[in-house]
Amino acid sequence: MGRIFPARPVATAETHRTTLFEIFFDLVFVFGLIRVTTFMSERPSPVALTQGFLVLLLLWISWVVYSWLGNHVRIDVGLIRAGVTVSMAAVFVVALVLPDAWATGPGTTRQRLILVLAYVTLRVIALALFHWAAAGNPQVSRTIRLYALSTALSWIPFVLGALLGGTAQLLLWAAALTIDMGGGVVSSVLSGWPVRSPGHFAERHSLVVIIALGESLISVGAGVGVQRIRGPILLAAVLTLAVTVCLYWLYSSTAMAAGEALMMESGLRRAHVGANAYTLAHFPLLAGTIYVALGVEQIFAGLAHEESQGTSDWMPAIALFGGTALFLAGRATFLGLSVRCVRPGQFVAPVVALPLLPVGRYLPGLAALGLLTAFLVALLSYEAWTRRSTRVQ
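Residues numbered from 1 in each chain as written. Predicted model: local features only at pLDDT ≥ 70, side-chain atom pairs only at ≥ 80, totals over all residues. Heavy atoms only, no water.

Draft legend 1. Molecular detail of the overall build of the protein. When helices and strands are counted, the protein shows 14 helices and zero strands. Over its C-alpha trace the protein gives a radius of gyration of 21 Å, about what one expects of a compact globule, namely 21 Å for 393 residues. Expressed along its principal axes, the backbone C-alpha trace of the protein runs to roughly 70 × 65 × 35 Å. Scored against the burial criterion, the 393 residues of the protein give a buried share of 54%. Of the contacts formed within the protein by residues at least 6 apart in sequence, a portion of 84% connects residues at least 24 apart. Accessible area for the protein stands at about 16200 Å²; split by element, carbon and sulfur atoms hold 70% of it. (Helix = DSSP H or I, 4+ residues; strand = E, 2+ residues; numbered from the N terminus. Rg over C-alpha atoms; globule rule 2.2 N^0.38 Å. Buried < 20%, exposed > 50% of the residue type's maximum accessible area, 1.4 Å probe, protein only. Contact = heavy atoms within 4.5 Å. Areas by Shrake-Rupley, 256 points an atom, 1.4 Å probe, with all protein chains shown as cover.)

Draft legend 2. Spatial organisation of the nonpolar core. Of all hydrophobic cores here, the largest spans 115 residues; its most connected members are Trp-60, Tyr-66, Val-84, Val-94 and Leu-320. Among the elements that take part in this core, helix H2 (residues 46-72) stands out by supplying 15 residues, more than any other. Ignoring sequence-local partners within four residues, the contact set of Leu-320 consists of Tyr-291, Val-292, Gly-295, Val-296, Ile-299, Ala-368, Leu-369 and Leu-372. (Core = buried A, V, L, I, M, F, W, Y, C linked by side-chain atoms within 4.5 Å.)

Draft legend 3. Representation of unusual backbone geometry within the structure. In this model, Arg-340 sits at a positive phi of 60°, which is unusual for a non-glycine residue. Within the secondary structure layout, Arg-340 lies in the loop between helix H11 (314-338) and helix H12 (344-353).

Draft legend 4. A look at the packing of H2 against helix H9 (residues 267-280). Look at H2 against H9: their axes get within 12 Å of each other, and the N-to-C directions meet at 150°. Regarding the angle of H2 to H9, the classification is roughly antiparallel. Considering how the two elements wind past one another, H2 and H9 form a crossing that is right-handed. Note on element contacts: H9 touches H2 through Ala-271, Gly-274, Ala-275, Tyr-278 and Thr-279, opposite Trp-60, Val-64 and Trp-68. (Axes fitted to C-alpha atoms, helices over the stretch in contact; angles between N-to-C directions. Parallel < 35°, antiparallel > 145°, perpendicular 65-115°, else oblique. Left-handed = near helix turned anticlockwise from the far one by under 90°.)

Draft legend 5. Here's a closer look at the confidence of the model for the protein. Considering every residue of the protein, the mean pLDDT works out to 87; 93% of them sit at 70 or more. This stretch, residues 308-312, has a pLDDT under 50; its non-local contacts, to residues over four places away or in other chains, come to 21 contacts. (pLDDT = per-residue confidence, 0-100.)

Draft legend 6. Broad picture of the pattern of salt bridges. This model, assessed by the stated rule, comprises nine salt bridges. Asp-76 is paired through a salt bridge with Arg-74; the nearest N and O atoms lie 2.7 Å apart. Judged by its relative accessible area of 28%, Arg-74 is partly exposed. What emerges from the salt-bridge pattern is a single network uniting Glu-22, Asp-26 and Arg-204. (Salt bridge = Lys/Arg side-chain N within 4 Å of Asp/Glu carboxyl O.)

The following block contains the structure:
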C-alpha cells in the first residue's frame, strides 16, 4: 500500500520540471477558458466583458494554487495526485456551469450555488493538501494559515452573491475575488511562499500563457463555424496567426529573462518575485490574450455572415485592442517585477495600443486585424532594433 500511496508527500527538487500530470490538469483549465470566451461572445456587452473578467480571475486563482502546490511537492504521486484529480473534477464543474452563473430569473440560483460549491471544494482540497505537505516546515505552515483565513473570508460574499444574483452578485463576487487574491499577496509579504524549483515555476506559467494564446486560434474555428472558407476569411486567419505569433514572441523574450532572474534569486526575495511577477502579473497576460481571442471570434463571425463591418460596434474593438493593451501592460509589469528593468518602448506600448481602439471600431473586421498585426510587427521590430543597438554599445 505504501508504494501506491507514500506515507508523506514527495518534496520537489531544485531541478524539478513540469510533469505530464500537470499538463493533463491544464486541459481542464483550457476547457474553462473556452467556456469563458463562448459566454462573452454570445452576449457581447460591457457587463458581459466585466463578468468574463471576474470568471477569468476565478479560474486563474484555481490554477495558481495548484501550480504553487506542484512546485512544493510532486502532485503526480500518492494521495496528492488523488486530491488534485478530485479538484480537476471541481474545476470542470465550474467551467461547465459558467454560462449560467450570471443568468437571472427563477431557478438560476441553483446554478450559481453549484459553481460556488465547486469552487470552495477545490480551494478546500488545495489548502488541505498544502497543509499536509507543509508539515514540519514552520514557514509554509504559517503562510497557509494566513492564507486560509482570507480564503474562508472570501467565501461569505461568494455565497451571498450567488443567492442575490444581478448587480449584487457582480459586486460581491468582485469583492470576494479581491479578498482571495489579496490574501495571497498579504501572506507572501508577511510570511512568503517558498519557490523550491524556479525552473518548474517559470515553465508552468509559460505553458499556461501558450495555452491562452491557443485560444485565439480556436476562436477562428468558433467564429467561422461551418461556413464556406472564402478569401477574406482565409486572409483573416493568416492575420490571426500572425497576431498570435507576435504575442508569443513578445512574451517569450520576456519569459526567458524573467526565468533567469528568478533562478538568481533565493529565499524570501525569490518568493516575492514568484508571487508578484508570476501570480499577479501573469493574470493580465492571460486575460488580455482571452479578450483578443474574443475579438477574433467576433470578427470571424461577421466575416462568415458576410457583414461589411466586422467591428460594427464597440465590443469587438474593445476586446481586440483593449485585450492587446492589457497583455502589453501585464508584460511590462512582469518585466518590472522580475528583472526590474523595463525599456521605454515596453512601458509605452500599452498606451500606444489604446488609441488604436477607436480607429479599429470604424474599420471592417479584416482591416482591424491588419491594423493590429501591423502594430505588433512594428513593436517586435522596434524591440529587436533596440536590443541590437544595446549590444553594439
